[in-house]
Amino acid sequence: LLREHPEIMATARENGQSPEARERNWFDFVNRLSNAVLSSAANRLLNHLSGGNVFNVFGTLGSAGGLYFLLAPYFVAFVQFTKDRSVNRSILEHFGEGAKTAEKEVRVAHFTDTFYDVNGVAQTLQQQVAAALKNDKHLTVITCHDDQHAADAGVKNFKPVGVYEIPEYPEQKVYYPPFLEMLNYCYETGVTHIQAATPGPIGLAALAIANILKLPINGTYHTAFPQYAQYLTGDAMIEELTWRYMLWYYDHMDLIYVSSKSSADELTAKGIRPEKIRMIPRGIDTEAFHPSRRNGLMKQRYGITAPVKILYVGRISKEKNLPLLAEAFRRLSETTPDAHLVMVGDGPYQEKMRACMEGYPCTFTGYLKDEALAEAYASGDIFVFPSTTDTFGNVVLEAQASGLPVIVTDEGGPCENMVAGVTGMVVPGDAAAPLFDAMRELVQDGAMRSRMAAAARAYMEERSFENAFVRQWKIYEEMAAPAAYPAAKAG
């Protein structure tokens, strides 16, 4: 690093520099060096894990120890400065009322690795940023992405120090965050609360920052990673290892947000204390997703003339239980020619699904967003979501808001975000026959379809996103007392 950047040593030897300039130069050097070590160690670690070489993981601990030794002076400094800041706050509160109000203002840093992706979690976070700006709340989404993005209000995107591509998902990448830069940013901007939306590398950075700055940290249980791991690898040991890591990670949270009772029950059964878990119902933009968006899109753009369009929206991947959907729909099309399956989204299973649906009335639209997505929802007739691994299923809310009856499985969170027998149907997630029966009944019974469509829209009119955001923000405000004195948090 010194050979590549000789100006670092030159500025270090230069006389007459201010202490602040020397500090900035040294910080830049240590940041570059730690990023290089972190990227190299993380690549080796993930290569060992993806190859099943569990015992080789221990060899990377030396790199991690070296990285910790390199950064230890900064860890000590930030801990000490945080304690000083706590004392200063106490003094200001004692002598100045104006300072008291300003210092207790809630400032949330929400760490995520999926802000710029096309999925329910990313869309929820984007809506949270918009709601925070509208309601004058200090929320900053902290993410890490290698593509160039405009500097949006409420978003801080750090350039990753390294990228790891998952072999099974070439388009899905793991980004290594610049830890020291994130730590300094949270300290300088006066963050009072940390929210972690991921247990990945960015979530680990959030956990470390919270411990160093003595800040309360909450986690969101968005995705059933252990079930995904088992589904993709077929290896029960990998699932168990993933569970052990997840439980270790979420056990360090002050609070854990879940969006369904099934997720709460699952975490409790695995050993997470129930008093840590908070149910946070999600909302959606009920104006953007509305039956009035129906405009004949299916016929005009895709040439679909079938009387009944069955819609799926989401990632086209095996863990969404799409082989089951393909089997059930092939059987349906052989007995009920009025139906046409529309797959909205993209993913690693798309080519295989195209092949097994060849010759059947099935259209793949690719990713749709904004107006096109809202029009696609409203132009459908039935929504089907066969996944058994989703902790929530945001698309199920969007479909109901668009006036579509939904068919979901009895596993995971989606079945908690509809009314069985009123806004749609719930079927077992382990067999194609019940899914086939439900689709056939809704295709053939137009009166039932219309009745459920109207009930679905009425049900969703009470689930506006802004109301859900305000309810969640109140939890941060209730935690403001410990946040006002970060040193009080146990180290």
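Residues numbered from 1 in each chain as written. Predicted model: local features only at pLDDT ≥ 70, side-chain atom pairs only at ≥ 80, totals over all residues. Heavy atoms only, no water.

So, helix H14 (residues 370–378)
Stage number 1. The element H14 is extensively covered by neighbouring structure, given that 7 of its 9 residues are classed as buried.
Stage number 2. Turning to H14, its buried residues number three or more, namely Ala-372, Leu-373, Ala-374, Glu-375, Ala-376, Tyr-377 and Ala-378. (Buried < 20%, exposed > 50% of the residue type's maximum accessible area, 1.4 Å probe, protein only. Helix = DSSP H or I, 4+ residues; strand = E, 2+ residues; numbered from the N terminus.)

Quick look at the sheet that holds strand S14 (residues 406–409)
Stage number 1. With parallel pairing, the 6 strands of this open sheet are ordered in space as S12-S11-S10-S13-S14-S15. The open sheet terminates on both sides in strands that have one partner only, identified here as strand S12 (362–366) and strand S15 (424–427). With strand direction ignored, the average angle separating the axes of adjacent strands in the sheet is 20 degrees.
Stage number 2. Where strand S10 (residues 308–313) and strand S13 (residues 382–385) come together, 2 bridges link them in parallel fashion. Within S13, the position partnered with Leu-311 by the bridge is Phe-383.
Stage number 3. Sitting on the sheet, H14 is in contact with S10, strand S11 (339–344) and S13, with an inclination near 135 degrees to S10.
Stage number 4. Most of the contacts of helix H16 (residues 432–444) go to S15, to which it runs at about 165 degrees, and overall it touches S10, S11, S13, S14 and S15. (Pairing = 2+ DSSP bridges. Axes fitted to C-alpha atoms, helices over the stretch in contact; angles between N-to-C directions. Contact = heavy atoms within 4.5 Å.)

A closer look at the packing of aromatic side chains
Stage number 1. For the coordinates displayed, the defined rule picks out 13 aromatic pairs.
Stage number 2. With a centroid separation of 5.7 Å and an interplanar angle of 85 degrees, the aromatic rings of Tyr-221 and Tyr-250 are classed as edge-to-face. Of the two residues, Tyr-221 is situated in the loop between strand S7 (217–220) and helix H8 (225–233) and Tyr-250 in helix H9 (residues 236–251); the sequence distance between them amounts to 29 residues.
Stage number 3. Ring plane angle 15 degrees and centroid distance 6.3 Å describe the contact between Phe-383 and Phe-385, whose orientation is recorded as stacked. The pair formed by Phe-383 and Phe-385 is uniform in burial state, with each residue classed as buried.
Stage number 4. A network of ring pairs unites the aromatic residues Tyr-221, Tyr-245, Trp-248, Tyr-249 and Tyr-250 as a single cluster. (Phe/Tyr/Trp six-rings, centres within 6.5 Å; stacked < 30°, edge-to-face > 60°.)

Looking at the pattern of salt bridges
Stage number 1. Scanning the model with the defined rule gives 12 salt bridges in all.
Stage number 2. Residues Glu-240 and Arg-244 are paired through a salt bridge, measuring 3.5 Å at the closest nitrogen-oxygen approach. Taken together, the positions of Glu-240 and Arg-244, both in helix H9 and 4 residues apart, correspond to about one turn of that helix.
Stage number 3. Classification of Glu-240 by relative accessible area gives partly exposed; the value is 37%.
Stage number 4. A salt bridge links Lys-261 to Asp-265, with the nearest nitrogen and oxygen atoms 2.8 Å apart. Linking Lys-261 with Asp-265, this pair stays in helix H10 (residues 261–270), spanning 4 residues, or about one helical turn.
Stage number 5. Taking relative accessible area as the criterion, Asp-265 reaches 39% and is therefore assigned partly exposed. (Salt bridge = Lys/Arg side-chain N within 4 Å of Asp/Glu carboxyl O.)

Comments concerning a nonpolar patch on the surface
Stage number 1. A cluster of nonpolar side chains, Val-87, Ile-91 and Phe-95, forms an exposed patch at the surface whose accessible area comes to about 340 Å².
Stage number 2. Among the structural elements, Val-87 can be located in helix H3 (residues 61–95). (Patch = residues over 30% accessible without salt bridge, like charges linked within 9 Å, V, L, I, M, F, W, Y side chains within 5 Å. Areas by Shrake-Rupley, 256 points an atom, 1.4 Å probe, with all protein chains shown as cover.)

Thoughts on the confidence of the model for the protein
Stage number 1. Residues of the protein with pLDDT of at least 70 account for 83%, and the chain-wide mean is 83.
Stage number 2. Confidence scores differ between elements of the protein, with helix H19 (residues 480–484) showing the lowest mean pLDDT of 47 and S13 the highest of 97.
Stage number 3. Note on residues 481–491: pLDDT under 50 across the span, and 24 contacts to partners over four residues away in sequence or across chains. (pLDDT = per-residue confidence, 0-100.)

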